[in-house]
Amino acid sequence: MKVFVISINEQRWSKYDPTIYTLFQGCNGQEDLDLDEIKKTHLNLPSCTDEHRYNVAGCLESHRRVLRKIIDEKLNEVIVMEDDALLDETRLKELEGIDHFCYIGGRFQPRVLISNRKTWRETVTPTEGLNRLPYEVTISATHGLYFPTWEIAEQIYQRIFTKRWVRAIDGEYRTLQKKGELIQHFLYPAISTLYIPDAKNGFTFAQKSSQKLTDTYYNY
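Residue numbers restart at each chain and count upward from 1, following the sequence in its written direction. Predicted model: local features are reported for residues with pLDDT of at least 70 only, side-chain atom pairs are reported and counted for 80 or more only, and whole-chain, interface and lining totals are derived from all residues. Side-chain numbers here rest on the full set of heavy atoms in the structure, without hydrogens or water.

So, the pairing of strand β10 (residues 185-188)
Exposed residues in this analysis have more than 50% of their type's maximum accessible area, buried residues have under 20%, and partly exposed residues fall in between, with area computed by a 1.4 Å probe over protein chains only. Secondary structure elements are defined from DSSP: runs of H or I of at least 4 residues count as helices, runs of E of at least 2 residues count as strands, and each element is numbered from the N terminus. A two-sided burial pattern is seen for β10, the buried positions comprising His185 and Leu187 on one face and Phe186 and Tyr188 on the other. Sheet topology places strand β7 (residues 129-132) next to β10; 4 bridges connect them, and they run antiparallel. Note that in β10 the partner of Leu130 across the bridge is Leu187. Pairing between two strands is assigned when DSSP locates at least 2 bridges connecting them.

As structure tokens, then:
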């Protein structure tokens, strides 16, 4: 099994054992991408700052590149993580026999974001092991993804990266969930959970962000 960790930060990468994890050099949006091109191809809120545009586009491009590597090298049984997450290596056997894309970490969100949190949360009653997503719920965040075959990675790649306009990578994965295409399963509890010291400093949960990190999302 191959475990890729997307990272552009040497300090964050240093917490991983290189005999288990493989560094995948991510895309630094502000250094590697052109803002005018981002605005032509990425859907963001009109109030979005340029800094946030760079960050979202860099994250999306990082995931595009890692999918491309999986496809080009025909890699099977691949985990893709981000460098603000940690993996419970003792539970990897739970992935044996899974032949479809599967979340191994993430964050529950209602299908419609304005839904009452208490109401939809009560509908999520996962059991230990492999679960199918209930209709009312999607999973956001992309720090724990499992691709059993390169063919499945290619199908996801084609759904996302051949479009004229793209959203943030977790939004693209959520769209596939809503359409009932390719992404319908998750392992519970999470195998890949957020590492608080790094996650709270990422652009999603940074101090100036409206989203605040409350836990590791062990229970999604």
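Still more ground to cover, so stick around.
Considering the packing of helix α4 (residues 50-72) against helix α6 (residues 150-161)
Fitted lines through C-alpha atoms serve as axes, helices being fitted only where they are in contact, and the angles separating the N-to-C directions of these axes extend from 0 to 180 degrees. Running from amino to carboxyl end, α4 crosses α6 at an angle of 140°, the nearest separation of the two axes being 9 Å. Along this stretch, α4 crosses α6, giving a crossing that reads as left-handed. The residues of α6 that touch α4, namely those facing Leu60, Arg64, Leu67, Arg68, Ile70 and Ile71, are Trp150, Ala153, Glu154, Ile156, Tyr157 and Phe161. Here a crossing is taken to be left-handed if its near helix is turned anticlockwise relative to the far helix by less than a right angle, and right-handed if that turn runs clockwise. Working rule for contacts: check all heavy atoms of both residues, and any pair within 4.5 Å makes them a contact.

A short note on the environment of Leu176
Note on placement: Leu176 falls in helix α7 (residues 169-179). Setting aside its immediate chain neighbours within four residues, Leu176 contacts Ile156, Arg159, Ile160, Glu181, Ile183 and Gln184.

Here's the deal with the nonpolar core
Core analysis: the biggest nonpolar cluster contains 38 residues, and Ile70, Phe101, Tyr103, Phe147, Ile156 and Tyr173 have the highest contact counts within it. For this core, the secondary structure elements donating two or more residues are β1 (2-7), α4, β3 (78-82), β8 (137-140), β9 (145-147), α6, α7 and β10. At 7 residues, α6 tops the list of elements feeding residues into this core. Not counting residues up to four positions away in its chain, the partners in contact with Ile156 are Leu67, Phe101, Phe147, Tyr173, Leu176, Leu182 and Ile183. We call a set of buried residues a nonpolar core when its members are Ala, Val, Leu, Ile, Met, Phe, Trp, Tyr or Cys and they connect through side-chain atoms within 4.5 Å of each other.

A closer look at α7
Three or more residues of α7 are buried, namely Ile169, Gly171, Glu172, Tyr173, Arg174, Leu176 and Gln177. Taken together, the buried residues of α7 touch α4, β5 (102-103), β6 (107-110), β8, β9 and α6. Of the residues trailing α7, Gly180 is marked for its positive phi of about 70°.

Concerning the environment of Glu172
Within the secondary structure layout, Glu172 lies in helix α7. For the pair Glu172 and Phe161, spaced 11 residues apart in the sequence, the C-alpha separation amounts to 9.5 Å. Those residues within four positions of Glu172 in sequence are excluded, and the remaining contacts are Leu60, Ile160, Lys163, Trp165, Val166 and Arg167. Here Lys163 takes part through its side chain, which lies 2.6 Å from a polar atom of the side chain of Glu172. Residues adjacent in sequence count toward polar contacts only when both atoms are side-chain atoms; beyond that, a polar contact is any pair of N or O atoms within 3.5 Å, and within protein one must be able to donate a hydrogen and the other to accept it.

Side note on the pattern of salt bridges
The working definition used for a salt bridge is a side-chain nitrogen of Lys or Arg within 4 Å of a carboxyl oxygen of Asp or Glu. Within this structure, the stated rule accounts for 12 salt bridges. A salt bridge links Arg12 to Asp83; the nearest nitrogen and oxygen atoms lie 3.1 Å apart. Highlighted residues: Arg12 in helix α1 (residues 10-13) and Asp83 in the loop between β3 and β4 (85-87), separated in sequence by 71 residues. Linking Arg53 and Asp50 is a salt bridge whose minimum nitrogen-to-oxygen distance equals 3.8 Å. A residue pair is termed a helical-turn pair when its members lie 3 or 4 positions apart in one helix, as Arg53 and Asp50 do in helix α4 at 3 residues. For Arg53, a relative accessible area of 12% puts it in the buried group. Counted as one network, the salt bridges with shared partners bring together Lys39, Asp50 and Arg53.

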